[in-house]
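Geometric and topological summary
Listed here are the chains, written in short residue letters.
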Amino acid sequence: MNQKRIPADDPSGRSSAGHAASDAADAAGGARQDAIDPICQMRVDPATALSAERDGRTFYFCSEHCRRTFLGRPPAGGEPAVHQLALSPGSASSSPEASCCHGETHAPVRMPLSPTAGYTCPMHPEVEQDGPGQCPICGMDLEPKVLQRAEDEDDPELRSMTRRFLVSAVLSLPLVALAMLPMAVALDRWLAPRANQWIQLALAAPVVLWGGWPFFVRGWRSLVTWNLNMFTLIAIGTGAAFGYSVFAVLFPHWIPASFHEAGHAVAVYFEAAAVIVTLVLLGQVLELRARRKTGSAIRELLSLAPPTARVVRDGEERDVPLDAVRVGDLVRVRPGEKIPVDGMLAEGTSNVDESMLTGEPLPVEKRPGDEVIGGTVNQTGSFLLRADRVGSDTVLARIVDMVAQAQRSRAPIQRVADVVASYFVPAVVAFAVLAFAGWAVLGPEPRLAHALVNAVAVLIIACPCALGLATPMSIMVGVGRGAREGILIKNAEALETLEKADTIIVDKTGTLTEGRPRLVEAVGAGRVADDELLQLAASVEQHSEHPLARAIVEGANARGLERLPVEDFQSVTGGGVSGVVRQRSASMHPAPAPAPAPGGGVSGAAEARRVLIGNPALLEEHGVTGLAALVERGRPLEEQGQTVMFVAIDGRAAGLLAVSDSIKPSTPEAVRSLHELGLRVIMLTGDNERTARTVAAQLGIDDFQAGVRPQDKHEVVRRLRSEGHVVAMAGDGINDAPALAEADVGIAMGTGADVAIESAGVTLVKGDLRGIARAVRLSRAVMRNIRQNLFFAFVYNSLGVPIAAGVLYPFFGILLSPMLAAAAMSLSSVSVIGNALRLRGVRLA
C-alpha cells in the first residue's frame, strides 16, 4: 500500500515541488550545499553566512537581524521590524532571487502549491499515502488532504457507489417480490419453489458479489490486518446470509429440518443479503454526499482566488494564468475584480472588501504603499499592485493549508471513541455468536433459521461507523466555519481546550489598543529644551523596534528634528534603551551660538552624551539623580492613560516623553462579550501601574498587572495554570511568544509577528479582540455537537444490538429484520453527519 507520512520538505531543506528549481540552482552554483535561515527561510551559503549554536546544532542566518531574533535578543542597528500577515515562517518569494526583509538578496525557498498534498483517511488522519487507496484501519477510501482547485468536484468513490446502488436497487426490487409474494398471492401455484429460489439466486448474486464487493474486500483486509471495523461486520453478516442461501439451493438435502418452511422448502435469505447490501450502499452514497459538504469551507476559500491575473509586461497588459504570476510583476486590478496575489499598491487608490478573509464588513481604503491580500475584492478604483507573495506563499494559500491541517487533526475526546471502537467489533461478533446459540437452543421453531437471522441482524446494526464519524465530522465542519469568520484553528486539541478556558490574558499594546502609539508630550527639564530632549531620544530610539520607539521617531520627524549619530546602543528588554549620542557641543550650551554649518547642523566639536530612556526603575538602577520631581510631573499624564518614558542625560534626569496608544473601538464590546461568556479577563502590560489602571477601569477588565517584562508574562501564565485555571493567552508580538506557548491555548493576532502566530493554537486573521469571543463560541458549539454525536452513537448501539438479538421477542413478539437493521445502520451514519453540518449555520457574533 506504500502507506507512509509525506514530509513537506526533503532533508536538504527543499520542498518537493521546488526540486527542479533547486536542482537548477545547485547546478549553477556547483556543488555548494545551501542552508536555510530558520527565521526568514532564505537560502544562505554556510561558508559566508552568520551562524549560531543551539542544542548541538549549527544554524545559519542571512543577517544579524535574523541571528539576534533566533537568539532572543533585540536586533541592533536600524533594521526595521518585521510585522506582516503570514501564517507560518517561510514567506520567501518565488522569484529567481528574492529580497529578504532586511534588503539582502538570496535564492528563494520554493514551496509546492500545497505542502500537504497526498491522501488520508477522514476517520484516521494518521494514515497517509501518495495516491488513492483504502484505509487499513477502517477500510474507507482515502481522500485528498487538500483540494488543489475549487472545481475539484469529481469523486470516484461517490460515482462508483452510486452506480452500484442503482443496479442493486433495480435487482433487489423483484427479488423482494419473489421472496414475499408467495405468502400473499400463492405464487407457488405458478412458480415452483425450487425455480423461485434459482431466480432469487440469479438476482441476488450480482447485488451481493458485485454491488457488495467493496465491502467484502475491506472486510477481508480488516481480518488479515486485525483492524476490525464496520466492514468486518457487514462482510460477515451478508456473507453468512448469502453463503447459507447458496448452499441451501445447491444442497437442500443437507439442510437440517428446522430450517425448512411449512411447505417443506428450505428457507433462503437472498432478499435479506441483497437488501442489506443495497441499503448499505445507499448509506454510503448519502454519507459521501454529506461528507463532501464538510469540505465546503476549503472550496469557498479556494474560490476566492481568481483563475487569471492581468499582468503588465513590456508595457502591455495581458491576462495570464494565476500560477504564471511572478514576484515583482505589476498586476492590474480593475473595479469589481478579485485581487489575485498578495502585494503592495504601486499606483492608484481604491476601497477593498476584505470581509471574506477578515470578517470585517467595512471596505478598507488602500493607497500607494499599502498592502493588499489575494482573494479580497477591489471595489471602486483601478490600481496597479506589485506582487510580493505568489502561489503557496500568499495569505490565502496559507489559510487553506492551516484549515486543511486542522480539519484532519484529532481532538482528545476522540480517544474515548477510539478505545470503545477497539473493543467494540470483537464484542459484537461475540454477542452475535451468543445470540445464535441462544436462539438455536431456546428459540421457537424453526430455531436455526431464527438463530441465523438474528445473528445477522446483530452484526449489521452494530456497525461502528457512526461512532467513528462522530468527532472528525464535527471538527471538519467547525474548523471550516471558523475560517469563514477569520478564526484559524491550528489543531483540534486547541479547539477542545478553548471550550474549557476560564481565564483570558490579553496584552495591552496591539491587542487592546491600536498598536500605533503617537507622541503626545516631550517635556524637557532644567536646561534641556523640549526639542533638544526629543532629538536626543529619537536618535537613540531609531535603533529600537518597539512601537513606542517608532512613535518617538515619528514625533521627531513631524517637528523636523535631525537625528544624530549614536554609538554603543543597548536595549534592555521590558526596560528601555541607552546609547551615546554624538552631539554638537554648542547644542547643550546656549551661548555663544556658532554659525550654522552648510549641512544644516551646528558647527563645533562633537560632544558625547550618554542618553538613557526607560521607566523609573531602570533609571534608578543606573543611579540617575533628580528623578523624583520628574516622576511626580508625569503622574497626571499616566492617570490619563498615557505611557510616560523618562530620559536621563549623563546620569541626570533630563525630561519625559508621553505617548498615547488609542484603544481599539471594538475592544469595549469584546470585553463585554468575554464577560458574558463567563470568562475572567486579565491584562498584562509593560506600562506603569497608573496607566494600566486607567485602561483597565475604562474597559472593565477584571484584573491587571503592570510593569510586566516578557519573561514575567510567561511566569504569570504558569502560575495561573498551577492554580487550576485553564488559560487562553492573546498577544501579537515576538515578546508574547513564550507566554502563548505556555498557555493552554495561545491566540495570536494575525496582524502580529510570525513567531507569535507559530506559537499559538488559534490565529485571528483580523487583529480584533472580538474574534476571541467568536472563537470561544465556536469551540463550545463544536464540542457540544461532538458530544451529541457520541451520545447518539453510543445510545444507538447500546439499544440496537439487544433489540437485534431479540431481547423484545419474549415480551412483545418483536424481531428486528436484518433489512431493517441495515437501514438503521446506514441512517445512523447519515444522521451523525447531518448533525455535524448544523455547525455551518451556528451564530458566532
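So, how was this worked out
- Per chain, residues are indexed from 1 in the order of the written sequence.
- The model is predicted, so local features are restricted to residues of pLDDT at least 70 and side-chain atom pairs to those at 80 or more, both for listing and for counting; the totals for chains, interfaces and linings are taken over all residues.
- Remark: hydrogens and water are excluded; side-chain values derive from all non-hydrogen atoms of the structure.
- Runs of H or I in DSSP of at least four residues are treated as helices and runs of E of at least two as strands, each being numbered from the N terminus.
- Only protein chains enter the accessibility calculation, which uses a 1.4 Å probe. A residue is then buried if its area is under 20% of the maximum for its type, exposed if over 50%, and partly exposed in between.
- The contact definition used throughout considers only heavy atoms, calling two residues in contact when any of these lie within 4.5 Å.
- With residues, only the protein chains shown are counted as cover, and all accessible areas are computed by Shrake-Rupley using a 1.4 Å probe.
- We call a set of buried residues a nonpolar core when its members are Ala, Val, Leu, Ile, Met, Phe, Trp, Tyr or Cys and they connect through side-chain atoms within 4.5 Å of each other.
- Working definition: a ring pair exists when centres of Phe, Tyr or Trp rings (six-membered ring for Trp) sit within 6.5 Å. Plane angles under 30 degrees give stacked, over 60 give edge-to-face, the rest tilted.
- Over a ring means this: the NZ of a Lys or the CZ of an Arg is within 6 Å of the ring centre and within 35 degrees of the ring normal.
- Strands are labelled as partners when DSSP assigns at least two bridges between them.
- Each patch is built from salt-bridge-free residues with over 30% relative accessible area, joining like charges within 9 Å and nonpolar side chains (Val, Leu, Ile, Met, Phe, Trp, Tyr) within 5 Å.
- Between Lys or Arg on one side and Asp or Glu on the other, a salt bridge is scored when a side-chain nitrogen of the former is within 4 Å of a carboxyl oxygen of the latter.
- The span one expects for a helix is its residue count, reduced by one, times 1.5 Å.
- Between N-to-C directions, angles cover 0 to 180 degrees, with each direction set by a line fitted to C-alpha atoms, over the stretch in contact for helices.
- For classification purposes, an angle smaller than 35 degrees is called roughly parallel, one larger than 145 roughly antiparallel, one from 65 to 115 roughly perpendicular, and anything else oblique.
- Residue classes follow a fixed rule: Ala, Val, Leu, Ile, Met, Phe, Trp, Tyr, Cys and Pro count as nonpolar, while Asp, Glu, Lys and Arg count as charged, and any other residue, Gly among them, counts as polar.
- For any helix crossing, the convention is left-handed if the near helix is rotated counterclockwise from the far helix by under a right angle, and right-handed if that rotation is clockwise.
- Each residue gets a pLDDT score, which is the predictor's confidence in that residue and runs from 0 to 100.

This part takes up the overall build of the protein. On a plain count of helices and strands, the protein comes out with 27 helices and 31 strands. Looking at the protein residue by residue over its 845 residues, the buried ones come to 52%. Across the protein, every contact between residues at least 6 apart in sequence was considered, and the portion connecting residues at least 24 apart equals 67%. As displayed, the protein has an accessible area near 36000 Å², and 57% of this comes from carbon and sulfur atoms.

This next bit is on the nonpolar core. Core analysis: the largest hydrophobic core is formed by 57 residues, its most contacted members being Leu498, Val506, Met683, Ile747, Val762, Leu769 and Ile772. If near-sequence neighbours (up to four positions away) are discounted, Met683 is found in contact with Val506, Lys508, Leu512, Ala692, Val695, Ala696, Ile701, Asp703, Phe704 and Gln705. In this structure, Val266, Leu281, Leu452 and Val456 belong to the second largest nonpolar core, which totals 42 residues.

Along the chain, the position of Asp353 falls in strand S14 (residues 350-353). When near neighbours in sequence (up to four residues on either side) are disregarded, Asp353 contacts Pro363, Thr376, Val377 and Gln379.

Let us now look at the environment of Val372. Its location among the elements puts Val372 in strand S16 (residues 371-372). Sequence spacing of Val372 and Arg386 is 14 residues, and the spatial spacing of their C-alpha atoms is 9.8 Å. Beyond its immediate stretch of four places on either side in the chain, Val372 contacts Ile339, Val341, Asp342, Gly343, Leu345, Val352, Lys366 and Leu385.

For the rest of this paragraph, the subject is the packing of aromatic side chains. Here the structure, examined in full by the defined rule, presents 3 aromatic pairs. On the numbers, 5.2 Å between centres and 45° between planes, the contact of Phe247 with Phe251 is tilted. With a relative accessible area of 32%, Phe247 lands in the partly exposed category. Accessibility expressed as a relative area gives 33% for Phe251, which makes it partly exposed. A cation over a ring is seen here: Arg164 above Trp210, with NZ or CZ 5.1 Å from the ring centre.

Judged by pairing direction, the sheet is antiparallel, and its 3 strands sit side by side in the order S8-S7-S9 without closing on themselves. Strands at the two margins of the open sheet, each flanked by one partner only, are strand S8 (128-129) and strand S9 (143-144). Of the strand pairs in this sheet, strand S7 (residues 119-120) and S9 are connected by 2 bridges, and their pairing is antiparallel. Looking at the pairing, Thr120 lines up with Glu143 of S9.

Turning our attention to a nonpolar patch on the surface. Together, Trp198, Phe247, Leu250, Phe251 and Trp254 line one region of the surface with nonpolar side chains, adding up to about 520 Å² of accessible area. Take Phe251: it is sitting in the loop between helix H6 (230-250) and helix H7 (270-294).

Quick look at the sheet that holds S14 now. On the basis of which strands lie adjacent, the open sheet formed by 3 strands has the order S15-S14-S17 and antiparallel pairing. The open sheet has two edge strands with one neighbour each: strand S15 (364-366) and strand S17 (377-378). By the bridge criterion, 3 bridges tie S14 to S15 in an arrangement that is antiparallel. For Ser350, the partnering residue across the bridge sits in S15 and is Lys366.

Glancing now at the pattern of salt bridges. Evaluation of the coordinates by the stated rule reveals 27 salt bridges. Across the pair Arg310 and Glu317 runs a salt bridge whose closest N-O atoms are separated by 3.0 Å. On the accessibility criterion, Arg310 (21% relative accessible area) is partly exposed. Overall, the relative accessible area of 34% leaves Glu317 in the partly exposed class. Across the salt bridge formed by Arg481 and Glu485, the nearest N and O atoms sit 3.2 Å from each other. Given a relative accessible area of 10%, Arg481 falls into the buried group. What emerges from the salt-bridge pattern is a single network uniting Glu715, Arg718, Arg721, Glu742 and Asp744.

As judged from the 3 bridges shared by strand S10 (residues 308-313) and strand S12 (residues 330-333), these two strands associate in the antiparallel manner. Within the sheet, the bridge partner assigned to Val311 lies in S12 and is Val331. Judged from the 4 bridges that link them, S12 and strand S18 (residues 383-389) form a sheet pairing that is antiparallel. Residue pairing in the sheet places Val333 in a bridge with Phe383 of S18.

Here we take up helix H16 (residues 530-541). For H16, which comprises 12 residues, the first-to-last C-alpha distance of 16 Å matches the rise-based estimate of 16 Å (1.5 Å per residue) to within 8%. Across the 12 residues that make up H16, a large majority, 10, are buried. Regarding H16, the residues found buried are Glu532, Leu533, Leu534, Gln535, Leu536, Ala537, Ala538, Ser539, Val540 and Glu541.

Relative to the helices and strands, Ser168 resides in helix H3 (residues 156-185). Residue Ser168 is classed as buried on the basis of its relative accessible area of 1%.

On to the pairing of strand S25 (residues 643-649). Burial analysis of S25 places 7 of its 7 residues in the buried class, the great majority of the element. Of the two faces of S25, both are covered, the one formed by Thr643, Met645, Val647 and Ile649 as well as the one formed by Val644, Phe646 and Ala648. Relative to strand S26 (residues 652-660), S25 runs antiparallel, the two sharing 7 bridges. The residue bridging Phe646 from the neighbouring strand is Leu656, located in S26. The hairpin formed by S25 and S26 contains 2 residues between the paired strands, and Asp650 there has a positive phi angle of roughly 55°.

With that out of the way, let us pick up the packing of helix H4 (residues 193-211) against helix H5 (residues 213-225). Across the interface, H4 lies against H5 with an axial gap of 5 Å and an inter-helix angle of 45°. Our classification of the angle between H4 and H5 gives oblique. Residue-level contacts link Val208, Leu209, Trp210 and Gly211 of H4 to Trp213, Pro214 and Phe216 of H5. Its residues placed into classes, the contact of H4 with H5 shows 6 nonpolar, 1 polar and no charged.

Moving on to the packing of H16 against helix H17 (residues 547-558). Packing of H16 against H17 leaves a shortest axis separation of 9 Å and a crossing angle of 130°. On the basis of their axis angle, the class for H16 and H17 is oblique. As H16 runs across H17, the sense of the crossing is left-handed. Every residue of H17 that contacts H16 at Leu534, Ala537, Ala538 and Glu541 is listed here: Ala549, Ile552, Val553, Gly555 and Ala556. Within the contact of H16 with H17, the residues separate by chemical class into 7 nonpolar, 1 polar and 1 charged.

So, on to the confidence of the model for the protein. Looking at the protein as a whole, its pLDDT mean stands at 75, while 73% of the residues score no less than 70. Contacts from residues 586-604, a stretch scored under 50 in pLDDT, to residues over four places away or in other chains number 21 contacts.

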